[in-house]
Amino acid sequence: MNSKTISKRSAETLEAFEALILAEGFSRLNVSEIAARLKCSKRTLYELAPSKKALVLKALDNFFSRIRQEADHMTDNALDPERQVYEYLEVGARAAERLSQAVVADIHEWEPARTLWQGHISLRIDGMCRIIENGVKAGVFRDVLPAFVAEIVFASINRLREPDFSDSTGLTISEAFHDLYEMLLHSLLHHSTPALPASQHWRGLRDPRAGRQSATPRRP
């Protein structure tokens, strides 16, 4: 069933279910508990999908698809490759703030969800690659290998989501995302000589015990 053709009530239920599993994961929930938490009948859930597993995949697919659609929209409206890179990745950063460690663990432990996640990441890498490639062709970015840069960026993002990352760096996931994006943008540009020594300019590499000046990124 396509989400565009379901009733308003069903769409609201699916949205609420998405919020529930993003916050708490899905492995420990059964259909009866889901219905109780969402204040709907089990019949309403089965109208959305034939099983709990199918419902989980539907909600995750909707979540991932919206990320890609929003990223495409933001980059289509950005005026230059530098802004496109920032906007494309910023969409993912905002979405990542909704992903609890519980749902990330559940996704990685269940093959269908893990496959869906990996397919989403592959599409995101492809999109990042195209943006960098266009930036290189336009002469805005240095002559880098777009596929390599895109793969490294998303490998780094995967590391940021691991539970021990925050403990070892002292950064929240949002702060770490923004610092990674800033480093990427400056590394891609032809003229990006920092005004401060590297140890001070790259905020993400500072001793986390020293505190942070601001969680707000310097937008290009």
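Residues numbered from 1 in each chain as written. Predicted model: local features only at pLDDT ≥ 70, side-chain atom pairs only at ≥ 80, totals over all residues. Heavy atoms only, no water.

All right, on to the environment of valine 140 then. Within the element layout of this structure, valine 140 appears in the loop between helix H7 (111-137) and helix H8 (146-160). Note on valine 140: relative accessible area 28%, which makes it partly exposed. Sequence spacing of valine 140 and glutamate 82 is 58 residues, and the spatial spacing of their C-alpha atoms is 7.7 Å. (Helix = DSSP H or I, 4+ residues; strand = E, 2+ residues; numbered from the N terminus. Buried < 20%, exposed > 50% of the residue type's maximum accessible area, 1.4 Å probe, protein only.)

The subject of this paragraph is the packing of helix H6 (residues 101-109) against H7. For the pair H6 and H7, interaxial distance at closest approach is 5 Å and the crossing angle is 105 degrees. Judged by the angle between their axes, H6 and H7 are roughly perpendicular. On the side of H6, the interface is formed by Val104, Ile107, His108 and Glu109, while H7 contributes Glu111, Ala113, Arg114 and Trp117. Counted by class, the contact of H6 with H7 contains four nonpolar, one polar and three charged residues. (Axes fitted to C-alpha atoms, helices over the stretch in contact; angles between N-to-C directions. Parallel < 35°, antiparallel > 145°, perpendicular 65-115°, else oblique. Contact = heavy atoms within 4.5 Å. Nonpolar A, V, L, I, M, F, W, Y, C, P; charged D, E, K, R; others polar.)

Pairs can form between side chains of opposite charge once their charged atoms are near each other. Within the structure shown, the criterion is met by nine salt bridges. One salt bridge connects glutamate 33 with arginine 37, and the closest N-O pair in it is separated by 3.9 Å. Of the two residues, glutamate 33 and arginine 37 are both situated in helix H2 (residues 31-38); the distance of four residues between them amounts to about one turn of the helix. Judged by its relative accessible area of 32%, glutamate 33 falls in the partly exposed class. We classify arginine 37 as partly exposed; its relative accessible area is 37%. Salt bridges sharing common partners tie together Glu18, Arg66 and Arg98. (Salt bridge = Lys/Arg side-chain N within 4 Å of Asp/Glu carboxyl O.)

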